[in-house]
Amino acid sequence: MKNLIKIAYRIVLFILLTILTQIGGVVYLASLIIIKQWNKKLRFKTLIVFISLYLFSTLILVPLVAPLFGREKVKHSKKINPANYMTVLLNRNYVTPELNDLLRATIKELNGTAIEIHYLDASFPFINKFPLLPHLSHNDGKKIDLSLIYETKNGDVSNKQKSNSGYGLFENPKQGEYNQIDKCIGNGFIQYDFSKYLTLGEINKELVFSENGTKELIENILKSSDLGKLFIEPHLKNRMQLNNNKIRYHGCSAVRHDDHIHIQLK
Ligand SMILES: [Zn+2]
């Protein structure tokens, strides 16, 4: 019985680590094999081996191997960074080289402004169609989520976020604005605002949504001929007076997009 529980525990852990980081499950299996060969008595032996192997894989091995599968890490620069470094540690920062080019071209266009790109989930490093949950479509390196732009009460663009994860802090429809969220939830798509559970805590409460900053970011992304689609909630599209047929509605079966922008290549 004790053995059965141990096996079940290992299977659950393998699945969870795989869902969260793609390589975590395999690294866990490798750690179990290593500690079996390693007779030294040590507290937290599995954990120590797992963390060492995981960090080595994530920070050194995977970035070297991913290009063989057509993907690479999002290239960081002074103005392109993850909203939360956990995105990198969980291997959720892989894109095709074309998407890196698009980000770089956008930041070049934004030269002279205070606007930076803070990215959220992209794709895992390997295997097309391998889902990056909870997203429906981030499975081919061609999609990435970006933070909205915020500003201080005085209207100065800030490069801070309003939630620790970068997700789940919504810029709700104002009175009189079209409310797609109520419509989706009213039609039974109760998952539509589930990202509210993913904030990992609210921060920088003094900041407000920057209509001009976010509009400028989006307009410069739209300049790229490689861009296929951009998703943002309809009330924000209307508020920012954005009119471009690459800005599409993602549908009620996705989640609301008034806490982040989703972009994807053609
Ligand atoms: Zn997305």
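The rules behind each value
Residues numbered from 1 in each chain as written. Predicted model: local features only at pLDDT ≥ 70, side-chain atom pairs only at ≥ 80, totals over all residues. Heavy atoms only, no water. Helix = DSSP H or I, 4+ residues; strand = E, 2+ residues; numbered from the N terminus. Polar contact = N/O pair within 3.5 Å; in protein donor to acceptor, adjacent residues only side chain to side chain. Contact = heavy atoms within 4.5 Å. Phe/Tyr/Trp six-rings, centres within 6.5 Å; stacked < 30°, edge-to-face > 60°. Buried < 20%, exposed > 50% of the residue type's maximum accessible area, 1.4 Å probe, protein only. Lys NZ or Arg CZ within 6 Å of the ring centre and 35° of its normal. Salt bridge = Lys/Arg side-chain N within 4 Å of Asp/Glu carboxyl O. Disulfide = S-S within 2.5 Å. Donors = N, O, S within 2.8 Å, 3.2 Å for Na, K, Ca; no water. Pairing = 2+ DSSP bridges. Expected span 1.5 Å × (residues − 1). Arc of directions from axis to C-beta.

K.L.:
Sorry if this is basic, but what is going on with the side chain of K162 here?
P.N.:
Here K162 shows up in the loop between strand 7 (157–158) and helix 6 (180–186). A distance of 3.5 Å separates the side chain of K162 from the backbone oxygen of N204, its partner in a polar contact. A polar contact of 2.6 Å, which involves the side chain of K162, links it to the backbone oxygen of L207. Apart from residues no more than four positions distant in its own chain, K162 is found in contact with Y150, L169, E202, I203, N204, K205 and L207.

K.L.:
Sorry if this is basic, but what is going on with the packing of aromatic side chains here?
P.N.:
The full count for this structure, using the stated rule, is 5 aromatic pairs. Ring plane angle 80 degrees and centroid distance 5.8 Å describe the contact between F124 and F130, whose orientation is recorded as edge-to-face. Its relative accessible area of 1% is what places F124 among the buried residues. Judged by its relative accessible area of 22%, F130 is partly exposed. By the ring-pair criterion, three or more aromatic residues cluster together here, those being Y28, F50 and Y54. We note R256 situated over the ring of F170; from NZ or CZ to the ring centre the distance is 3.8 Å.

K.L.:
Please explain unusual backbone geometry as it appears in this structure.
P.N.:
Leave glycine aside and you will find that most residues have negative phi; peptide bonds, for their part, are mostly trans. The omega torsion across L133 and P134 is 5 degrees, close enough to zero to call that bond cis. By the secondary structure assignment, P134 is in the loop between strand 4 (117–119) and strand 5 (143–147). Positive phi values are uncommon outside glycine, yet K129 reaches one of about 75 degrees.

K.L.:
Sorry if this is basic, but what is going on with the pattern of salt bridges here?
P.N.:
Opposite charge on two side chains permits them to pair, given that their charged atoms come into close proximity. Across all of its chains, the model carries 9 salt bridges by this definition. We note a salt bridge from K75 to E72, for which the minimum N-O separation is 3.5 Å. Note that R256 and D258 form a salt bridge whose closest N and O atoms lie 2.7 Å from each other. The two residues R256 and D258 agree in class, both being buried.

K.L.:
I would appreciate a short explanation of the state of the cysteines in the present structure.
P.N.:
Each disulfide consists of a covalent bond between the sulfur atoms of two cysteine residues. Across all of its chains, the model carries 1 disulfide by this definition. Between the sulfur atoms of C184 and its disulfide mate C252 the distance is 2.0 Å. One quick way to see it: the torsion about the S-S bond of C184 and C252 is about -75 degrees, and its sign makes the bridge left-handed. Pair noted here: C184 is in helix 6 and C252 is in the loop between strand 10 (247–248) and strand 11 (260–265), with a separation of 68 residues, a long-range link. Under the relative-accessibility criterion, C252 is labelled buried at 14%.

K.L.:
I would appreciate a short explanation of the coordination of the zinc ion in the present structure.
P.N.:
Tetrahedral coordination by four donors puts the ideal angle at the metal at 109.5 degrees, and octahedral coordination by six puts it at 90 or 180 degrees. Around the zinc ion, the donor atoms from the protein are H138 (NE2), D145 (OD) and H262 (ND1), and they sit 2.0 to 2.2 Å away. Mapped onto the polypeptide sequence, the residues donating to the zinc ion form the spacing pattern H-x6-D-x116-H. Of this pair, H138 sits in the loop between strand 4 and strand 5 while H262 sits in strand 11, placing them 124 residues apart in sequence. Residue class for H138 comes out buried when judged on its relative accessible area of 2%. The class of H262 is buried, set by a relative accessible area of 3%.

K.L.:
I keep staring at the sheet that holds strand 7 and nothing clicks. Help me out?
P.N.:
With respect to topology, 3 strands assemble into an open sheet ordered 7-6-8, the strand pairing being antiparallel. The sheet is open, and its two edges are formed by strand 7 and strand 8 (208–209), each paired on a single side.

K.L.:
Which parts of the structure should I look at to understand helix 1 (residues 2–21)?
P.N.:
The periodicity of an α-helix, 3.6 residues per turn, causes residues three or four positions apart to be oriented the same way. Between the first and last C-alpha of helix 1 there are 28 Å, a value that for 20 residues agrees with the 28 Å anticipated at 1.5 Å per step. The set of residues buried in helix 1 consists of L17, T18 and T21. Down the axis of helix 1, the buried side of the element spans an arc of 100 degrees, and every buried residue falls inside it. Those residues of helix 1 that are exposed and aimed more than 90 degrees away from the buried face are L4, I5 and L16.

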